[in-house]
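In case you want the letters, here they are:
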Amino acid sequence: QVQLVESGGGLVQAGGSLRLSCAASGTIFSINSMNWYRQAPGKQRELVASMADGGTTNYADSVKGRFTISRGNAKNTVYLQMNSLKPEDTAVYYCKMWIVPTTLRPVGVYWGQGTQVTVSS
């Protein structure tokens, strides 16, 4: 069973920084992509940043130049470094990974439980 556990959320003032972490555990053969989403109250969940297995990254226009997605040395961990935070970044942040558990099972989508990020003005 694959599980994703996130950490690092919290309350920060505008202009501050936070680093989110998401660690995958369980039976994992490979991870095809790692992604961060967020969902603000009353809004749809949106893609914030993504990293393909080869390392290619993409960002939402709203966070380009401020957020950085990276993969940990352990390879099963993804980070989201968030700098110059704004009140409009306030949301629950979720990590999502496309994971192949074993060579006998197809790739599946796995989500973390979410971590709250609140940016005060």
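Below, the structure is looked at part by part.

1. So, unusual backbone geometry
For step 1, the next point in the chain: A positive phi angle, close to 50°, is found at S84, a residue other than glycine.
For step 2, the next point in the chain: Note that S84 resides in the loop between β8 (77–82) and β9 (91–100).

2. Structural notes on a nonpolar patch on the surface
For step 1, the next point in the chain: On the surface, W98, V107, V109 and W111 cluster together into a nonpolar patch covering about 330 Å² of accessible area.
For step 2, the next point in the chain: Position of W98 among the secondary structure elements: in strand β9.

3. Here's the deal with the packing of aromatic side chains
For step 1, the next point in the chain: What the rule picks out here adds up to 2 aromatic pairs.
For step 2, the next point in the chain: When the centroid spacing of 6.4 Å and the interplanar angle of 85° are considered together, the rings of Y94 and W111 count as edge-to-face. Linking Y94 in strand β9 with W111 in strand β10 (residues 108–111), this pair joins segments that are 17 residues apart in sequence.
For step 3, the next point in the chain: Assessed through its relative accessible area of 14%, Y94 is described here as buried.
For step 4, the next point in the chain: Feature note: the residues Y37, Y94 and W111 constitute an aromatic cluster, connected by ring pairs.

Thresholds, definitions, all that
Residues numbered from 1 in each chain as written. Predicted model: local features only at pLDDT ≥ 70, side-chain atom pairs only at ≥ 80, totals over all residues. Heavy atoms only, no water. Helix = DSSP H or I, 4+ residues; strand = E, 2+ residues; numbered from the N terminus. Patch = residues over 30% accessible without salt bridge, like charges linked within 9 Å, V, L, I, M, F, W, Y side chains within 5 Å. Areas by Shrake-Rupley, 256 points an atom, 1.4 Å probe, with all protein chains shown as cover. Salt bridge = Lys/Arg side-chain N within 4 Å of Asp/Glu carboxyl O. Phe/Tyr/Trp six-rings, centres within 6.5 Å; stacked < 30°, edge-to-face > 60°. Buried < 20%, exposed > 50% of the residue type's maximum accessible area, 1.4 Å probe, protein only.

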